[in-house]
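# Observations on the three-dimensional arrangement
As a plain string of letters, each chain reads:
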Amino acid sequence: MKRRPLPVAAALAATAALLLTACGSGDGGPKDNDKIAGANPGGSEESASPSAKAPDSAERPKVTLPKDITNVFESWKTGDTTKDAVLTDISERINATDAAITAGDPNSAALKFYYADEALVDAVQWVQGYKNDGKSITGKTRYFNPELEVFDKDTAALAYCSDESKAYDKDRKTNKADETTVTKNSYVTYNARVQKNEQGLWQTTSLLSERGNAKCAP
């Protein structure tokens with residue numbers, strides 16, 4: 001099972017209640033929860049980030065994941081330009097978080113790029129927790145069952161699931177993975193609130209997560 005939980009933010013309110021019924025919630029910070037982002041009935045795999053990106057003026061930081069980390073996004077495209085832009089930016093946020101953890105860099109420019117407000121504070125603390133504990137991450141995480149609601153031209157919310165049964169913490173010095181038995185807690189539900197900024201980027205401003213929720217666990 002993968003990582004610690006991201007510190008849980010509390011600002012989704014009615015949005016979270018709406019989306020939790022569709023997929024589940026999310027996870028965050030150390031130890032009880034873990035990782036800190038379409039409807040393709042075929043469940044096909046899409047690699048690290050959906051390729052189609054909505055036009056924007058933001059100069060995106062380069063995010064590179066180590067070879068031992070794979071993030072797969074299933075059903076992460078809808079065919080709708082706005083929705084696909086939201087999903088793309090959330091997938092890039094997820095990759096940016098993993099890259100910051102593996103680099104041991106809580107001051108990563110990519111974190112500040114894809115997060116804002118309380119979600120940024122939580123993300124920085126989360127990455128710092130890994131660094132303090134001498135931990136990193138490894139393995140494959142599958143993100144699936146995205147349920148997206150666009151409220152207006154610059155506000156949206158997304159509920160989605162993650163399967164961390166093949167993803168693990170690892171010791172930064174020994175490079176040894178902390179492999180554990182797969183349980184319902186290997187599955188995480190997320191609720192993210194996103195806001196479009198002046199550059200056209202959909203930043204995550206609030207993030208809720210929960211491990212073992214029946215909406216995402218098999």
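As a starting point, this report considers the structure included with it. Quick caveat: nothing in here was measured; it's all calculated off a predicted structure.

If you tally the helices and strands in the protein chain, you get 4 helices and 5 strands. When the helices and strands of the protein chain are listed from N to C terminus, the series reads α-β-α-α-α-β-β-β-β. When each of the 218 residues of the protein chain is scored for burial, the buried share is 54%. Element-wise, carbon and sulfur atoms account for 49% of the exposed surface of the protein chain, whose accessible area totals about 9,500 Å².

Applying the stated criterion across every chain, the model contains 7 aromatic pairs. When the centroid spacing of 5.1 Å and the interplanar angle of 15 degrees are considered together, the rings of Phe-73 and Tyr-143 count as stacked. Residue Phe-73 is found in strand S1 (residues 69-73), and its partner Tyr-143 is found in strand S2 (residues 135-152); the two are separated by 70 residues along the sequence. Across the pair, Tyr-143 and Phe-73 agree in class, each one buried. Taken together, a centroid distance of 4.8 Å and an interplanar angle of 10 degrees make the contact between Tyr-160 and Tyr-190 stacked.

On to the state of the cysteines. In the structure shown here, the tally under the stated rule is 1 disulfide. The disulfide that involves Cys-161 links it to Cys-216, with 2.0 Å between the sulfurs. Judged by the sign of its S-S torsion, about -75 degrees, the cystine formed by Cys-161 and Cys-216 is left-handed. With Cys-161 in strand S3 (residues 155-171) and Cys-216 in the segment after strand S5 (202-211), the pair connects residues that are 55 residues apart, well separated along the chain. With respect to class, Cys-161 is no different from Cys-216; both count as buried.

All right, on to the pairing of strand S4 (residues 187-196) then. Counting buried positions over the 10 residues of S4 gives 7, a clear majority of the element. Pairing of S3 with S4 involves 9 bridges; the strand directions are antiparallel. Bridge pairing in S4 links Ser-162 to Val-188. Here 9 bridges tie S4 to S5, and the two strands are oriented antiparallel to one another. The partner of Tyr-190 across the bridge, within S5, is Ser-209. Between the end of S4 and the start of S5, which pair antiparallel, lie 5 residues, with Gly-200 showing a positive phi angle near 90 degrees.

This part covers helix H2 (residues 81-103). In this model, H2 (23 residues) spans 33 Å end to end at C-alpha, consistent with the 33 Å of a helix rising 1.5 Å per residue. Extensive coverage of H2 is indicated by the burial of 19 of its 23 residues. The N-cap residue of H2 is Asp-80: its side-chain oxygen and the backbone nitrogen of Thr-82 are 3.1 Å apart.

Applying the stated criterion across every chain yields a total of 7 salt bridges. Of the charged contacts, one joins Asp-89 and Arg-60 as a salt bridge, the two residues approaching to 2.8 Å between their closest N and O atoms. Remark: Arg-60 occurs in the loop between helix H1 (13-20) and S1 and Asp-89 occurs in helix H2; sequence separation between them is 29 residues. The class for Arg-60 is partly exposed, based on a relative accessible area of 24%. Between Glu-74 and Arg-142 there is a salt bridge, and its shortest N-O distance comes to 3.2 Å. Of the two residues, Glu-74 sits in the loop between S1 and H2 while Arg-142 sits in strand S2, which places them 68 residues apart along the sequence. The buried category is assigned to Glu-74, whose relative accessible area is 10%.

Before going further, it helps to examine the sheet that holds S5. Read across the open sheet, the 5 strands follow the order S1-S2-S3-S4-S5; overall the sheet is mixed. What marks the edges here is a single partner per strand, and that holds for S1 and S5. Each strand axis lies, on average, 25 degrees off the axis of its neighbour in the sheet, ignoring direction. Judged from the 14 bridges that link them, S2 and S3 form a sheet pairing that is antiparallel.

What counts and how
- Residues numbered from 1 in each chain as written.
- Predicted model: local features only at pLDDT ≥ 70, side-chain atom pairs only at ≥ 80, totals over all residues.
- Heavy atoms only, no water.
- Helix = DSSP H or I, 4+ residues; strand = E, 2+ residues; numbered from the N terminus.
- Buried < 20%, exposed > 50% of the residue type's maximum accessible area, 1.4 Å probe, protein only.
- Areas by Shrake-Rupley, 256 points an atom, 1.4 Å probe, with all protein chains shown as cover.
- Phe/Tyr/Trp six-rings, centres within 6.5 Å; stacked < 30°, edge-to-face > 60°.
- Disulfide = S-S within 2.5 Å.
- Pairing = 2+ DSSP bridges.
- Expected span 1.5 Å × (residues − 1).
- Polar contact = N/O pair within 3.5 Å; in protein donor to acceptor, adjacent residues only side chain to side chain.
- Salt bridge = Lys/Arg side-chain N within 4 Å of Asp/Glu carboxyl O.
- Axes fitted to C-alpha atoms, helices over the stretch in contact; angles between N-to-C directions.

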